[in-house]
Amino acid sequence: MKRSTIWILTVVMAIALLGLLAMQIVYLEKMVAMRNSQFSEIVMRSLYSVSTMLEQNETQYFLDQDLAEAEQTYSGTQQKSFTFNDPHEAAIDTTINTEDPSTLRPANLNRLKNLNDTYQRKQEILKGQYLYQKSLLNEVILTILNHSSDRPIQERADSATVASYLRSELEFNGLTLPFEFAIVNRANGVVYKTDGYSPMSQQDVYTQVLFPNDPKSKQNTLNVTFPNKSDYIFSSVKFLVPSLAFTFLLLGVFLYTISLAFKQKKLSEIKNDFINNMTHEFKTPISSISIAAQMLNDDSVRKSPEMLKHVSGVINDETKRLRFQVEKVLQLSLFDRKNATMRLEEEDANANIYSIINTFKLKVEKYGGHINANLDAEDPIIKVDKMHFTNVIFNLLDNAVKYRREDVPPELTVTTVNPDEDHIQITVADNGIGMKREDLKKIFEKFYRVSTGNLHDVKGFGLGLAYVNKMIDLFGGSIRAESEVNKGSKFIITLPLYK
Ligand code: ADP
């Protein structure tokens, strides 16, 4: 897949997923807003009912009071007919008015005249009752208008009544949430409140003016809060939470897939480079050997022992080079095998390093350089696979020469010390081209090669240090590198001592 294709897919998928997420969030917000307004509407409706009920209570109170007064005034002078009985009852009971002597007439008088009289009497009684009730009501209304606001609000709306009205009205409207309330007067002073009434913000408070006909300065408001309101609102939208979680999961999987695609792409590029490098590395010795073989066919070469020696030397060197390259490629297979075949044996680190340095000396001297050994570690017995340990030290020395500075002869130093009594530290230092800090972090990765740029043009597979790292790990040790551009590099291996 082309890099641009991966990018296009990434952008399209990102837009789709972010769009989905944005829509879900907008939907969630809308749901919460709708639920909130529904909630407010129910609460306001209930509060209005409570306020009306309190007003009705007050009317009842004044009515009862006026009635009581009226009963006192009328007792002794008026007949029972001035009660609030059903007017039909009064109509039937026409004989109870003792002030009217006509009601005592004998029944055998003219029926028609009798009936007429009865109607007239009844009308007068009803008129009297009506006028009485009207004046009573007028009186009550006047009292309510003029004096009701003089009563203390605690009496007009006592907390138990308000609580029970609120509960029943909210329940009637389908809201069974616990609530807290307070009565607040115009000066914002709390007249009384329930224990749990402590609103966080004014937004949480639902207010309703009580007795709206009171003079403005004497008006009181009923403030109600619902401590569990947010839970209630959330409970209605929580079914959306799994869908949001799935979207995030999808987003995570998508990011992981994209990063995998890019990694794969990089790996395939690295593998291509590797194959190119490998072909180059193999081609040179093969063509040298091929030329040498052609030379052997030449009679003049065969006749000259010196030429023969030279040609066989070339074949020998180039075969060795080829074998070294093959060995490197074979090392690659070690990475994919979980348990590389290891033959761990007790080895003297100093002795082994010394013999490797001896073999390597010639190569360094070829470039006019030196290799110094300060093998000071005591009891340097380590448990390693000799062949792999040799390869490790050899790879490090080989790199030190490979990445030398063109104008400076290579100076290599191999040191062994005991950082503590249980470990040995092997350091391979050079005065080569060095590396940048960001490269240092990656050089132990498989196939990683510092971008050669103008610095050097050395072919390699980017496997040497990855192999070294893997082997040191299998030996139970660790490796780190320090480097400075144009000054040199230092590879420090720490291995446990065998006791
Ligand atoms: P290769 O040498 O095949 O490229 P390595 O794994 O041995 O692969 O090294 C990885 C990279 O680390 C090299 O490309 C090189 O740039 C850098 N490197 C390794 N050793 C040294 C060194 N002694 N000095 C400078 N750079 C080094």
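In the block above lies the structure referred to throughout.
Residues numbered from 1 in each chain as written. Predicted model: local features only at pLDDT ≥ 70, side-chain atom pairs only at ≥ 80, totals over all residues. Heavy atoms only, no water.

Draft legend 1. Looking closely at the packing of helix α11 (residues 386–402) against helix α13 (residues 464–474). Two numbers describe how α11 lies on α13: the axes approach to 10 Å, and their chain directions differ by 145°. The way α11 lies across α13 gives a crossing that is left-handed. Across from His388, Asn391, Val392, Asn395, Leu396 and Asn399 in α11, the residues of α13 making contact are Gly464, Leu465, Tyr467, Val468, Met471 and Ile472. Classifying every residue of the contact of α11 with α13 by side-chain character gives seven nonpolar, five polar and no charged. (Axes fitted to C-alpha atoms, helices over the stretch in contact; angles between N-to-C directions. Helix = DSSP H or I, 4+ residues; strand = E, 2+ residues; numbered from the N terminus. Left-handed = near helix turned anticlockwise from the far one by under 90°. Contact = heavy atoms within 4.5 Å. Nonpolar A, V, L, I, M, F, W, Y, C, P; charged D, E, K, R; others polar.)

Draft legend 2. Structural detail: the packing of aromatic side chains. Within the structure shown, the criterion is met by 10 aromatic pairs. Centroid distance Phe39 to Phe226: 5.1 Å. Interplanar angle 80°. Geometry classified as edge-to-face. Taken as a pair, Phe39 in helix α1 (residues 3–74) and Phe226 in the loop between β4 (220–225) and α6 (229–237) lie far apart in primary sequence, 187 residues in all. The class of Phe226 is buried, set by a relative accessible area of 7%. Judged by centre distance (5.1 Å) and plane angle (80°), the ring pair of Tyr61 and Phe62 falls under edge-to-face. Looking at Tyr61, the relative accessible area reads 32%, which means it is partly exposed. You can call Phe62 buried: its relative accessible area is 4%. An aromatic cluster of three or more residues is present, and its members are Phe39, Tyr206, Phe226 and Tyr232. Over the ring of Tyr61 we find Arg151; its NZ or CZ atom is 3.9 Å from the centre of that ring. We note Arg404 situated over the ring of Tyr367; from NZ or CZ to the ring centre the distance is 3.8 Å. (Phe/Tyr/Trp six-rings, centres within 6.5 Å; stacked < 30°, edge-to-face > 60°. Buried < 20%, exposed > 50% of the residue type's maximum accessible area, 1.4 Å probe, protein only. Lys NZ or Arg CZ within 6 Å of the ring centre and 35° of its normal.)

Draft legend 3. Highlighting the nonpolar core. Counting residues in hydrophobic clusters, the biggest one holds 39 residues, and the most contacted among them are Phe389, Leu397, Ile443, Phe491, Ile493 and Leu495. Contributing elements (two or more residues each) for this core: α10 (349–366), β7 (381–384), α11, β8 (411–417), β9 (423–429), α13, β10 (478–484) and β11 (488–496). Once residues lying within four places of it in the same chain are set aside, the contact partners of Ile443 are Met435, Tyr448, Val450, Leu465, Ala466, Ala481 and Phe491. Of all hydrophobic cores here, the second largest spans 26 residues; its members include Leu177, Tyr192, Phe226 and Ile233. (Core = buried A, V, L, I, M, F, W, Y, C linked by side-chain atoms within 4.5 Å.)

Draft legend 4. Examining the sheet that holds β9 more closely. Strand order across the open sheet formed by five strands is β6-β8-β9-β11-β10, with mixed pairing between neighbours. Either end of the sheet is taken by a strand with one partner, and the two such strands are β6 (370–375) and β10. The sheet shows a mean angle of 10° between the axes of neighbouring strands, taken without regard to direction. Relative to β11, β10 runs antiparallel, the two sharing seven bridges. The residue of β11 that forms the bridge with Ala481 is Phe491. α10 rests against β6, β8 and β9 of the sheet, and its axis sits at about 170° to β6. Along the sheet face, α11 touches β6, β8, β9 and β11 and points at about 170° away from the line of β11. (Pairing = 2+ DSSP bridges.)

Draft legend 5. Spotlight on the pattern of salt bridges. In the structure shown here, the tally under the stated rule is 12 salt bridges. We note a salt bridge from Arg343 to Glu345, for which the minimum N-O separation is 3.9 Å. Residue classification places Glu345 among the partly exposed residues on the basis of a relative accessible area of 36%. Among the salt bridges present, the one from Glu484 reaches Lys487, with a minimum N-O distance of 3.4 Å. For Lys487, a relative accessible area of 55% gives the class exposed. Among the charged side chains, a network of salt bridges with common partners joins Glu58, Arg151, Glu155, Arg156 and Asp214. (Salt bridge = Lys/Arg side-chain N within 4 Å of Asp/Glu carboxyl O.)

Draft legend 6. Region of the structure containing the site of the ligand. Neighbouring the ligand are 19 residues, the closest being Asn399, Tyr403, Asp430, Arg449 and Leu465. Within the contact set of the ligand, an oxygen atom lies 2.6 Å away from a side-chain nitrogen or oxygen of Tyr403. For the ligand, a nitrogen atom lies 2.9 Å from a polar atom in the side chain of Asp430. Within the complex, the protein chains bury 99% of what would otherwise be the 530 Å² of accessible surface of the ligand. Of all elements in the fold, only α11, α13 and β11 reach the threshold of two or more residues within the shell around the ligand. (Near = heavy atom within 4 Å. Polar contact = N/O pair within 3.5 Å; in protein donor to acceptor, adjacent residues only side chain to side chain. Areas by Shrake-Rupley, 256 points an atom, 1.4 Å probe, with all protein chains shown as cover.)

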